[in-house]
Amino acid sequence: MNRIFCSIIILASVISGDVTSAWAANNAASGILTEQTIRQLYIEHPDSCLDLLDKAELRKIDTDIPVFKMDMLRAMCYEIKGDYPEKERCVRRLLEEDSVRLVADRRLKVTVMLAGVLDRQNKYEEGIRVCREAIDLARKSGKKKEEAEMLSTMARIYAGMKSTGEAEKCFRQAVGLLEKTDDVREMSYLSTIYGEFMTFLTDAGRISDAIDVGRNREALIDRMSELPGPPPGYIDQQKGFLYAKMSLLLSDDGQPQEAAALYDKYCLLDFANTYTGRIFSVPYLLKAKRYSDALRNNELCIREFAGDTICYDYLGLLQNQSEAYRGLKNYSSADSFMQRCYAVQDSIYRRESESKAQEYAALFDSQEKELQLTEERAQSQRKTILIVSSLILIVLLLFILWVTFRNLRITKERNRIDAQRIDELLSQKEKLRKVYAAVPTREAEGETTHDGNADSSEEYQSFIRMENLIVENQLFLNPRISREEILKATGIGKNVLVPLLKKYAGSTNLSDYINRLRLEYAVRMIKDNKNFTIDYIAEASGFNSRSTFYRVFQNVYGMTPSQYLEILQEQGTKQTEQDSGPTL
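Residues numbered from 1 in each chain as written. Predicted model: local features only at pLDDT ≥ 70, side-chain atom pairs only at ≥ 80, totals over all residues. Heavy atoms only, no water.

Draft legend 1. Quick peek at the confidence of the model for the protein. Looking at the protein, the pLDDT average stands at 82 and 84% of residues meet or exceed 70. Counted against residues more than four places away or in other chains, residues 1-17, with its pLDDT under 50, gives 26 contacts. Of the regions scoring below 50 in pLDDT, residues 21-30 engages in 20 contacts with residues more than four places distant in sequence or in other chains. (pLDDT = per-residue confidence, 0-100. Contact = heavy atoms within 4.5 Å.)

Draft legend 2. Broad picture of the pattern of salt bridges. With the rule as written, the count across this model stands at 37 salt bridges. We note a salt bridge from arginine 156 to aspartate 119, for which the minimum N-O separation is 3.0 Å. Pair noted here: arginine 156 is in helix H10 (residues 144-160) and aspartate 119 is in helix H8 (residues 104-120), with a separation of 37 residues, a long-range link. Arginine 156 gets classed as partly exposed once you look at its relative accessible area, which sits at 29%. A salt bridge links arginine 129 to glutamate 126, with the nearest nitrogen and oxygen atoms 3.4 Å apart. Here glutamate 126 and arginine 129 lie together in helix H9 (residues 124-141), a separation of three residues that amounts to about one turn. Its relative accessible area of 24% is what places glutamate 126 among the partly exposed residues. (Salt bridge = Lys/Arg side-chain N within 4 Å of Asp/Glu carboxyl O. Helix = DSSP H or I, 4+ residues; strand = E, 2+ residues; numbered from the N terminus. Buried < 20%, exposed > 50% of the residue type's maximum accessible area, 1.4 Å probe, protein only.)

Draft legend 3. Focus on the packing of aromatic side chains. The final tally for this structure, using the stated rule, is 20 aromatic pairs. On the numbers, 4.9 Å between centres and 65° between planes, the contact of phenylalanine 241 with phenylalanine 280 is edge-to-face. Within this pair, whereas phenylalanine 241 is found in helix H14 (residues 234-252), its partner phenylalanine 280 is found in helix H16 (residues 275-287), the two being separated by 39 residues in sequence. Ring pairing ties together the aromatic residues Phe241, Tyr263, Tyr266, Phe271, Phe280 and Tyr284, which thus form one cluster. Above the face of the tyrosine 189 ring, lysine 145 is positioned so that its terminal group lies 4.9 Å from the ring centre. We note arginine 518 situated over the ring of phenylalanine 543; from NZ or CZ to the ring centre the distance is 5.9 Å. (Phe/Tyr/Trp six-rings, centres within 6.5 Å; stacked < 30°, edge-to-face > 60°. Lys NZ or Arg CZ within 6 Å of the ring centre and 35° of its normal.)

In structure tokens form, the structure reads like this:
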């Protein structure tokens, strides 16, 4: 009865927002803090649960939770808070305790936790080592789910290290472990692995392979739906995530009818009418140019958005809104939302810049909390630990300042190199055009060309004629130029155009090729007229908007137009100082 009474008081205190005070008020009733109580509260109130666990460890609150379980519960709270350094500290302390180290199942569980937190912090090399250790433990215990979990964690780590071959190998091993299971828990985790595998393949540009994995995931979900065990709504949710992703993939793979059919199935799910479901529907709707539907779903998400709007989730909603309005040719609304995007992005950048110092300040607060626990055990060590903690904080803050300064310097130097590379690239391209343009003339005069860079084939001459027409007539400066107009002006067949661009221009499509010509024109404008504004240059070069100009420039040259202009202005200032010579 006492335990029930305690739980009622604690749950009531959650509503009033003061878990610790409620527990203290109930302590006189001989209540005992239980693991179940913490598990009921930690998601909503991680800080209060941490406070309760600290007091329980000091026996200011009666509890039946073993010491090692307290650290496991602390690790769960730190995971909710996103405080991964503190979670790592808890997990490492657990692995040193005999009650964990000498019990196989506990050691496996905690090692899996350590691998996960190392992955979160991008500690790749140690993460791989811990994953392999956990895999060995899982194999000895016959725990296929944990083994598959560690293989998928290794795959994520290898992907972060750009070792795509190893990452794919780990994903396939994880899938192979669970693909024939009939255990619903293992099947649900396999569905998660399939989702991560699809994302990996999509990021690698392997759309068809990602679709194949999605088909396997769909078959798995259908199998799960026929078995007892999945909680209500789980199958609907899994199908929702899959259909939304598959619709986009099929559209990217040039299968619009299949994509539309799958999206229709998506709309029949309950998941499609949830906040998350509407968010997941927008990328496909934008891709399919169903801008009105995308706008409607995105507007509902913006209205329902809860919490801090200075975050990447809200920024994504604003960007979707801008793209949908632009698709509907409502450019004033599109630009308005893009301005809001810039404002949110600047706020995020400022917050992230400030968060580093705050992160270390939070680390210091955490160390002081641990110091308070230690104080009860050893008063004599308090002063020494406090001084050491302060010195560590100072060193860390100095290190942050040094890293920030170093990164700024590296970025500036990289921009200088990129600017020089742009100039060299355009110069080489101009020379090559002149060489290639001279090939037919020399052949007409009976000369034999030996230039290894020139291609005198009829196919290449078609490309040269097309490019000369586009460049000389400045067709690329028309922001609304269509593929049909290009074909008509150049006389190139529509089935020949894309192969020519891929072979001789390195472009995947006409839009990419035209944008690269616009960039060449824009770079020359920037070099010749350093006083022109970026907006004017973007418009004069044929781009629809400043944001498109920035995005294309960044993707092709690795820096923004403003950064390139800044480098040119610095070089101009240095050259002026050198030309003026020393003053007497």
